Amino acid sequence: MTFLSTNLRILRRYKGLTVSQQMVADAIGVKRSAYNGWESGPHEPSADNLVKLAVYHQTSLDRMLRDDLAKLGEFDLGVVLRQDRVLLKNLITTPTI
C-alpha cells in the first residue's frame, strides 16, 4: 500500500499555506495538472519525478511511499523531516571509498 497521494498533500502543506500545487509543479518541471493527479490519487509519478519530489521535500522515497504521515502531528512531522534532512546531508557529504 502506498501513501503517496496523501503524503504529497501533507508535505506540500507542511511547507506553508502559500505553497500551491503550481509552485511544486514548477519546481520539479511538470504541469500542475500532472501534479494534481498525483496528489488526488488517480495517477502516479514516474521514477524520475518521484526522485525530484523527494529532493524538493527533502525526504526519502521510502518515507514518501510507505509512511503514513497523516498519523503524525505537525510537531512529529517536523522532527521526522529534520532527521531526513540530516541523513541526506550526511549521505551527500560523506566521501565514498
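Scope of this entry: the structure provided in the associated data block. (Residues numbered from 1 in each chain as written. Predicted model: local features only at pLDDT ≥ 70, side-chain atom pairs only at ≥ 80, totals over all residues. Heavy atoms only, no water.)

1. Re the side chain of Glu-39
Logical step 1: Among the structural elements, Glu-39 can be located in helix 3 (residues 32-40).
Logical step 2: Overall, Glu-39 belongs to the buried group, its relative accessible area being 3%.
Logical step 3: A distance of 2.9 Å separates polar atoms of two side chains, one belonging to Glu-39 and the other to Gln-21.
Logical step 4: In this structure the side chain of Glu-39 is engaged in a polar contact, spanning 2.7 Å, whose partner is the side chain of Tyr-35.
Logical step 5: Not counting the four nearest positions on each side in its chain, Glu-39 is found in contact with Ser-5, Leu-8, Arg-9, Arg-12 and Gln-21. (Helix = DSSP H or I, 4+ residues; strand = E, 2+ residues; numbered from the N terminus. Buried < 20%, exposed > 50% of the residue type's maximum accessible area, 1.4 Å probe, protein only. Polar contact = N/O pair within 3.5 Å; in protein donor to acceptor, adjacent residues only side chain to side chain. Contact = heavy atoms within 4.5 Å.)

2. Quick notes on the packing of aromatic side chains
Logical step 1: The full count for this structure, using the stated rule, is 1 aromatic pair.
Logical step 2: Here Tyr-35 and Trp-38 contribute two aromatic rings whose centre-to-centre distance is 6.1 Å and whose plane-to-plane angle is 70°, an arrangement assigned as edge-to-face. Taken together, the positions of Tyr-35 and Trp-38, both in helix 3 and 3 residues apart, correspond to about one turn of that helix.
Logical step 3: On the basis of relative accessible area, Tyr-35 is assigned to the buried category, the value being 0%.
Logical step 4: The exposure class assigned to Trp-38 is buried, which follows from its relative accessible area of 6%.
Logical step 5: Over the ring of Tyr-56 we find Lys-15, and its NZ or CZ is 4.8 Å from the ring centre. (Phe/Tyr/Trp six-rings, centres within 6.5 Å; stacked < 30°, edge-to-face > 60°. Lys NZ or Arg CZ within 6 Å of the ring centre and 35° of its normal.)

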